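Residue-level listing of the chains:
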Amino acid sequence: MLLQTVLEGIGLGILLILVCAIGIRKGAVGMVHLYSPEVQERCVTLGLTTHGKIKRNALMFKVVCVPGYIAYVLVCVYALNGAKGFVQGFWQLLVILSVMNLIDRFLIDGYWVGHTNAWEIPGTEDLKPYITAKDKGKKWLFGTIGMAVISAALAGIMTIFAH
């Protein structure tokens with residue numbers, strides 16, 4: 001079951017990579033809502049986007065992706081894996097979300113954003129690195145704790161609705 005759950009986490013990580021690839025298909029400015037406020041402001045100043053487009057893209061990302069990711073993990077854990085009760089649901093949710101978090105930290109943030117030009121926005125090169133050491137620390141902390149909190153909340157909700 002652990003291997004299956006890890007593979008499901010890899011699947012969620014692949015979905016995240018696809019979302020990012022779609023988001024930057026016409027240039028990284030399409031995902032500038034994920035960048036620091038300084039980069040966002042520079043993009044607006046350069047005429048690459050507007051505050052309205054940034055807000056709209058951020059909202060679309062939250063409205064489409066977050067429910068999609070939640071649906072994915074719930075289907076994997078409860079429909080496919082047949083988890084029963086809080087503990088079974090919690091550990092499986094935590095594994096899937098943690099694997100996705102590792103993919104996000106190492107492959108997306110660490111390699112793709114940090115070591116390729118795919119996420120570079122012309123005119124903002126002086127604001128690199130786009131993900132600073134402080135940002136990385138926050139992402140690790142909130143990603144790790146956040147995945148545990150999300151897993152506990154979803155497992156709790158599913159346990160309540162199962163009865």
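Predicted, not measured: the structure shown is a model, and the values here were computed from it. (Residues numbered from 1 in each chain as written. Predicted model: local features only at pLDDT ≥ 70, side-chain atom pairs only at ≥ 80, totals over all residues. Heavy atoms only, no water.)

### Comments concerning the pattern of salt bridges
Note the cut-off: Salt bridges are counted wherever a side-chain nitrogen of Lys or Arg sits within 4 Å of a carboxyl oxygen of Asp or Glu. Only protein chains enter the accessibility calculation, which uses a 1.4 Å probe; a residue whose area is less than 20% of its type maximum is buried, one above 50% is exposed, and one in between is partly exposed. Working definition: helices are DSSP H or I runs of at least four residues, strands are E runs of at least two. Numbering for both runs from the N terminus.
Within this structure, the stated rule accounts for five salt bridges. A salt bridge links Arg105 to Asp104; the nearest nitrogen and oxygen atoms lie 2.9 Å apart. For Arg105, a relative accessible area of 10% puts it in the buried group. Judged by relative accessible area, which is 17%, Asp104 ranks as buried. In this structure, Asp109 and Arg105 form a salt bridge, with 2.8 Å as the shortest nitrogen-oxygen distance. With Asp109 and Arg105 both in helix α4 (residues 85–115) and four residues apart, this pair spans about one turn of that helix. As far as the burial class goes, Asp109 and Arg105 line up, both buried. Through salt bridges with shared partners, one network takes in Asp104, Arg105, Asp109 and Lys139.

### Structural notes on the environment of Ile108
Note the threshold: The contact rule is simple, with two residues in contact once any of their heavy atoms fall within 4.5 Å.
Within the secondary structure, Ile108 is located in helix α4. For the pair Ile108 and Gly13, spaced 95 residues apart in sequence, the C-alpha to C-alpha distance is 9.5 Å. Here Ile108 is in contact with Leu16, Ile17, Cys20, Ile103 and Val113, once residues within four sequence places are set aside.

### Overview of the nonpolar core
Put simply, the rule reads: Only buried Ala, Val, Leu, Ile, Met, Phe, Trp, Tyr and Cys residues count toward a nonpolar core, and they belong to the same one when joined by side-chain atoms within 4.5 Å.
If you look at the biggest cluster of nonpolar residues, it comprises 34 residues, and the most contacted ones within it are Tyr35, Leu93, Trp119 and Ile121. Mapped by element, the contributors of at least two residues to this core are α1 (2–23), α2 (37–45), α3 (51–80), α4 and α5 (133–162). When residues in this core are grouped by element, the largest group, nine residues, is from α3. Ignoring any residue separated from it by four or fewer positions in sequence, one finds Leu93 in contact with Val73, Leu74, Val77, Tyr78, Ser151, Leu154 and Ala155.

### What to know about the packing of aromatic side chains
Rule in force here: We call Phe, Tyr and Trp rings a pair once their centres come within 6.5 Å, taking the six-membered ring for Trp, and we label the pair stacked below 30 degrees between planes, edge-to-face above 60, and tilted otherwise.
Inspection of the entire model under this criterion finds five aromatic pairs. The interplanar angle of 75° and the centroid separation of 4.9 Å between the aromatic rings of Tyr35 and Tyr130 together place this pair among those described as edge-to-face. Within this pair, whereas Tyr35 is found in the loop between α1 and α2, its partner Tyr130 is found in the loop between α4 and α5, the two being separated by 95 residues in sequence. By the ring-pair criterion, three or more aromatic residues cluster together here, those being Tyr35, Trp112, Trp119 and Tyr130.

### Points about the packing of α1 against α3
Two quantities define a packed helix pair, namely the angle between the axes and the distance from one axis to the other. Our working rule: Note on definitions: angles span 0 to 180 degrees between N-to-C directions of axes, and those axes are lines fitted to C-alpha atoms, for helices only across the stretch in contact. When an angle is under 35 degrees it counts as roughly parallel; over 145 it counts as roughly antiparallel; between 65 and 115 it counts as roughly perpendicular; any other value is oblique. Left-handed describes a crossing in which the near helix is turned anticlockwise from the far one by less than a right angle; the clockwise case is right-handed. Ten residue types, Ala, Val, Leu, Ile, Met, Phe, Trp, Tyr, Cys and Pro, are classed as nonpolar, four, Asp, Glu, Lys and Arg, as charged, and the remainder, Gly among them, as polar.
Direction vectors running N to C along α1 and α3 enclose 165°, while the axes themselves pass 11 Å from each other. Between α1 and α3, the angle is such that the two are roughly antiparallel. By crossing handedness, the relation of α1 to α3 is classed as right-handed. From α1, Glu8, Gly11, Leu12, Leu15, Leu16 and Val19 reach across to α3, where they touch Phe61, Cys65, Tyr69, Tyr72, Val73, Cys76 and Leu80. Class assignment of the residues belonging to the contact of α1 with α3 gives a composition of 11 nonpolar, one polar and one charged.

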